[in-house]
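Tertiary structure, described
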Amino acid sequence: MAMRPIPLASRTAEGVSAPFSSERLMNMFAEPPEWIPYLPKPGKYSHPKYGTLTITKKRAKAFVDNFTNAVYQDRLPIDAEHQTKLSGALGWITDMRVNDDGSADAKVDWTKRGTQLIEGEQFKYFSPEWFESWNDPATGDLHKDVAIGGALTTRWGIFRALWLL
């Protein structure tokens, strides 16, 4: 299983330092966003543990299609710091979409606790989580690029901060 943190403050193919558009930034009094960035726009990203990660528009579409077809689950949990067993779900991904720039977003139904943690500024960043390949235990079918959830985090991940809450 590969955990892939995503920057919520930037989405550039060249790197991860450019700011998001203003509609992506959240102030401390804002409600948690309904849609969050899940994958950055296509590019190559370097991570000390996972090496080079390549995101393409085709790959982003595969993640979204697999979610839409409920290959893994019909909704995916968002936890705290990739610790589902400790934190429980702070929100549930209920939909995904590919944007014109090749990035992918996730629609989130936040739990009461998730809302409180975001509004209280305990977490500022989001980190997606996926399997590069996954065998369905019921059918034995192999699926590539399967989103399995994500986490609210306290620090930047591989793509820096995709969004600031």
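Residues numbered from 1 in each chain as written. Predicted model: local features only at pLDDT ≥ 70, side-chain atom pairs only at ≥ 80, totals over all residues. Heavy atoms only, no water.

A few words now on unusual backbone geometry. Of note in the backbone geometry, His82 takes a positive phi value of approximately 60° without being a glycine. The phi dihedral of Asp145 falls on the positive side, at around 55°, and the residue is not glycine.

Now for the environment of Ala106. Position of Ala106 among the secondary structure elements: in strand 8 (residues 104-110). We classify Ala106 as buried; its relative accessible area is 0%. Ala106 sits 68 residues away from Tyr38 along the chain, and the two C-alpha atoms are 5.7 Å apart. If sequence neighbours within four positions are ignored, Ala106 has contacts with Glu34, Trp35, Ile36, Tyr38, Ile93, Asp95 and Met96. (Helix = DSSP H or I, 4+ residues; strand = E, 2+ residues; numbered from the N terminus. Buried < 20%, exposed > 50% of the residue type's maximum accessible area, 1.4 Å probe, protein only. Contact = heavy atoms within 4.5 Å.)

Moving on, we get to helix 1 (residues 57-68). Here helix 1 contains twelve residues, and its C-alpha end-to-end distance of 16 Å stays within 8% of the 16 Å for a straight helix at 1.5 Å per residue. All buried positions along helix 1 are accounted for by Arg59, Ala60, Phe63, Val64, Asn66 and Phe67. With its buried residues spanning 160° around the axis, helix 1 presents them on a single face. The exposed residues of helix 1 that point more than 90 degrees off its buried face are Lys58 and Thr68. Two residues or fewer past helix 1, Ala70 is found with a positive phi of approximately 50°. (Expected span 1.5 Å × (residues − 1). Arc of directions from axis to C-beta.)

It is worth spelling out the nonpolar core at this point. Core analysis: the largest hydrophobic core is formed by 26 residues, its most contacted members being Tyr38, Leu39, Ile78, Ile93 and Met96. The set of elements that each furnish at least two residues to this core consists of strand 3 (35-39), helix 1, strand 6 (76-80), strand 7 (91-98), strand 8, helix 3 (112-119), strand 9 (125-135) and strand 10 (142-153). (Core = buried A, V, L, I, M, F, W, Y, C linked by side-chain atoms within 4.5 Å.)

Another aspect to go through is the pattern of salt bridges. Evaluated as defined, the whole model comprises six salt bridges. A salt bridge links Arg59 to Glu132; the nearest nitrogen and oxygen atoms lie 4.0 Å apart. On the criterion of sequence distance, the pair formed by Arg59 in helix 1 and Glu132 in strand 9 is long-range, its members being 73 residues apart. On the accessibility criterion, Glu132 (38% relative accessible area) is partly exposed. Of the charged contacts, one joins Arg59 and Asp145 as a salt bridge, the two residues approaching to 2.7 Å between their closest N and O atoms. Pair noted here: Arg59 is in helix 1 and Asp145 is in strand 10, with a separation of 86 residues, a long-range link. A cluster of three or more residues bridged by salt bridges with shared partners is formed by Arg59, Glu132 and Asp145. (Salt bridge = Lys/Arg side-chain N within 4 Å of Asp/Glu carboxyl O.)

So, on to the packing of aromatic side chains. Note on aromatic pairs: each is described by the distance of the centres and the angle between the planes. All chains considered together, the criterion is met by four aromatic pairs. Centroid distance Tyr72 to Phe131: 5.9 Å. Interplanar angle 65°. Geometry classified as edge-to-face. With Tyr72 in the loop between helix 1 and strand 6 and Phe131 in strand 9, this pair connects stretches of sequence that are 59 residues apart. Under the relative-accessibility criterion, Tyr72 is labelled partly exposed at 29%. Looking at Phe131, the relative accessible area reads 15%, which means it is buried. Ring pairs connect the aromatic residues Tyr72, Phe131 and Trp134, which therefore count as one cluster. The ring centre of Trp92 lies 4.1 Å from the NZ or CZ of Arg75, which sits over that ring. (Phe/Tyr/Trp six-rings, centres within 6.5 Å; stacked < 30°, edge-to-face > 60°. Lys NZ or Arg CZ within 6 Å of the ring centre and 35° of its normal.)

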